[in-house]
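Here is how the chains run, residue by residue.
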Amino acid sequence: MPNRLTQEQLNNVHYVSISDYVNRMDAIENFEDKMAFTTRYLLSYGAEQRDVSLEEAIHIAKVKIADASAALRKDMIMVPDEAVNPTLDAVQDAANRRFMIDPIGYLKDQAADMLHQEEEKGVTDANSQKVADLQLMYAVLSNDFDHSMSNKVSALDVEPTSRDVKARLNAKFGGRLENAYEATKPGVLAKMFNKYSTAYHNLDETYKAFNNPDHALYGDMNSLDKAAKEYLQHVFPSWNPNDGLMNPSLISRHLKGTQASRALFSYNILKATAEQRECEKAYDCIISSNLQARALEEANAGDEVLNQADGNAAFQQGLQEDVNDLDQAQIEEDYHQNFADVPEEEVENDVPAVE
């Protein structure tokens, strides 16, 4: 039985960095805990200068929820395309699905609910900062009238995967990806005399291209994988990539210095791209199927409104026809009343007296 997060642990969640979020998410075993942790982490984003924008943080959070979904899907036979947590029914999973396609609306409602809970307990010194953060985030999320935030998050769904792979790499290096990358660079003398391998040169050039939006290999995981495998084969000639990823302990046992840094960098690239590929299958399926389901619901709702409008129009037309029929009947009755037989006594009474 996996350890569950306590309410106290959830209450103490606060934003540190996106690498901190990724690492802590990977350590949580239960899907519901991952979702609760994610919600609180994003709502504690605050107004400080952060390592990534709020939209980027939300996107990475969606990716990590898709990671969790992909892990659950592996052990199940029949999984609906739109399911985020496939162990739940559609009603129970509705909030998770909404987070994936409408994260701004989801987070705004969650902020409102959490604010209500805190205000019911009463604002004290202990929770005043939490209330202030929630109020700020609710205001930020509520002011997305032009859907600019939502559009930015949606745009990240269709961008090349370099951002997601880089976030995974950064987490693997404890938020120090730039330092890890710098450790792969050759020293002054090595640069001066070109004393570095072709395998390293290809790795470095491919990594830079992978992260360069203007390069043809931007976001190309196949090219990045090829360069990483070739470097590991360069330092471990007996390793066959078809046998699976090597044990990373080999790197620390047999390599030193720059060579060890490059090998570890290559190893983590292969780990990150493998995770990204597995995630993308579930991510694309969840996003597209839920967007289609929402579009269908909106279309059905529109048809219902039109049908109701048509029904109202038919009713009004029928009512008018009934009124017209009644009016015509009344006119005919009044007309014929003018020619009705008049009793003699009424005729005599109506004759004016002669003076």
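Residues numbered from 1 in each chain as written. Predicted model: local features only at pLDDT ≥ 70, side-chain atom pairs only at ≥ 80, totals over all residues. Heavy atoms only, no water.

Looking at the overall build of the protein chain
Helix and strand counts for the protein chain stand at 16 helices and zero strands. Sorting the 355 residues of the protein chain into buried and exposed places 38% on the buried side. Across the protein chain, contacts joining residues at least 24 apart in sequence account for 67% of those joining residues at least 6 apart. (Helix = DSSP H or I, 4+ residues; strand = E, 2+ residues; numbered from the N terminus. Buried < 20%, exposed > 50% of the residue type's maximum accessible area, 1.4 Å probe, protein only. Contact = heavy atoms within 4.5 Å.)

Quick word on the packing of aromatic side chains
Overall, the coordinates contain ten aromatic pairs when judged by the stated rule. With centroids separated by 5.3 Å and ring planes inclined at 55 degrees, the aromatic side chains of Y21 and Y41 adopt a geometry described as tilted. In this pair, Y21 sits in helix 2 (residues 18–27) while Y41 sits in helix 3 (residues 31–43), placing the two residues 20 residues apart along the sequence. Side by side, Y21 and Y41 carry an identical accessibility label, which is buried. With a centroid separation of 5.8 Å and 20 degrees between ring planes, the pair formed by F173 and F265 is classed as stacked. Placement of F173 in the loop between helix 9 (162–172) and helix 10 (177–182) and of F265 in helix 15 (residues 257–337) is noted, with a sequence separation of 92 residues between them. For the pair F173 and F265, a shared accessibility class is recorded, and that class is buried. Clustering of aromatic rings is evident, with ring pairs tying together Y15, Y21, F37, Y41 and Y45. A cation sits over an aromatic face here: R50 above Y45, 5.8 Å from the ring centre. Sitting over the face of the ring of Y200, R262 holds its NZ or CZ atom 3.7 Å from the ring centroid. (Phe/Tyr/Trp six-rings, centres within 6.5 Å; stacked < 30°, edge-to-face > 60°. Lys NZ or Arg CZ within 6 Å of the ring centre and 35° of its normal.)

A short note on the confidence of the model for the protein chain
For the protein chain, the mean per-residue pLDDT works out to 86, and 82% of the residues sit at or above 70. Within the model, pLDDT remains below 50 along residues 347–355, and this stretch shows one contact once partners closer than five positions in the same chain are excluded. (pLDDT = per-residue confidence, 0-100.)

Concerning the nonpolar core
As a rule of thumb, nonpolar side chains are buried together in soluble globular proteins. Residues Y21, L43, I65, F99 and M100 are the most contacted members of the largest nonpolar core, which totals 48 residues. For this core, the element with the most residues is helix 4 (residues 54–74), which contributes ten residues. In this view, Y21 contacts F37, T38, Y41, I60, A61 and K64; residues no more than four positions away in its chain are not counted. Counting 30 residues, the second largest nonpolar core, distinct from the first, contains M221, W239, A260 and Y267. (Core = buried A, V, L, I, M, F, W, Y, C linked by side-chain atoms within 4.5 Å.)

Description of the packing of helix 5 (residues 94–101) against helix 6 (residues 103–121)
One can describe the packing of helix 5 onto helix 6 by two numbers: an axis separation of 5 Å at closest approach and a directional angle of 125 degrees. Here helix 5 lies oblique to helix 6, going by the angle between them. Judged by residue contacts, A95, R98, F99, M100 and I101 of helix 5 engage P103, G105, Y106 and D109 from helix 6. Of the residues belonging to the contact of helix 5 with helix 6, the class tally is six nonpolar, one polar and two charged. (Axes fitted to C-alpha atoms, helices over the stretch in contact; angles between N-to-C directions. Parallel < 35°, antiparallel > 145°, perpendicular 65-115°, else oblique. Nonpolar A, V, L, I, M, F, W, Y, C, P; charged D, E, K, R; others polar.)

Describing helix 7 (residues 128–142)
For helix 7, built from 15 residues, the straight-helix expectation of 21 Å at 1.5 Å per residue is met to within 8% by its first-to-last C-alpha distance of 21 Å. Along helix 7, the residues that are buried comprise V131, L134, M137 and L141. On an axial view of helix 7, the arc spanned by its buried residues comes to 130 degrees, and they lie on one face. Looking at the buried side of helix 7, the elements it contacts are helix 3, helix 4, helix 6 and helix 8 (148–157). (Expected span 1.5 Å × (residues − 1). Arc of directions from axis to C-beta.)

Examining the pattern of salt bridges
All told, the structure shown has 20 salt bridges when counted by the stated rule. Here K121 makes a salt bridge to E118, at a shortest N to O gap of 3.2 Å. Taken together, the residues K121 and E118, both in helix 6 and three residues apart, mark about one turn of the helix. Residue E118 is classed as buried on the basis of its relative accessible area, which comes to 5%. (Salt bridge = Lys/Arg side-chain N within 4 Å of Asp/Glu carboxyl O.)

A few points about the side chain of T39
Take T39: it is sitting in helix 3. Dropping the residues within four chain positions of it, T39 is found in contact with Y106, L107 and Q110.

Things to note about the environment of A282
Along the polypeptide, A282 turns up in helix 15. Residue classification places A282 among the buried positions, given a relative accessible area of 5%. A282 sits 212 residues away from A70 along the chain, and the two C-alpha atoms are 5.5 Å apart. Ignoring any residue separated from it by four or fewer positions in sequence, one finds A282 in contact with A66, A70 and R73.

Comments concerning the environment of L54
Relative to the helices and strands, L54 resides in helix 4. For L54, a relative accessible area of 8% translates into the label buried. Once the C-alpha coordinates of L54 and K152 are considered, the two residues, 98 residues apart in sequence, prove to be 10.0 Å apart. Once you skip the residues sitting within four places of it in the chain, L54 turns out to touch L42, Y45, M137, V140 and M149.

Section: unusual backbone geometry
A positive phi angle, close to 60 degrees, is found at H147, a residue other than glycine. As for its placement among the helices and strands, H147 is situated in the loop between helix 7 and helix 8.

Digging into the environment of A227
Along the chain, A227 turns up in helix 13 (residues 221–235). As a C-alpha pair, A227 and Y200 span 27 residues in sequence and 8.3 Å in three-dimensional space. Apart from residues lying up to four places away in sequence, A227 is in contact with N202, L203 and T206.

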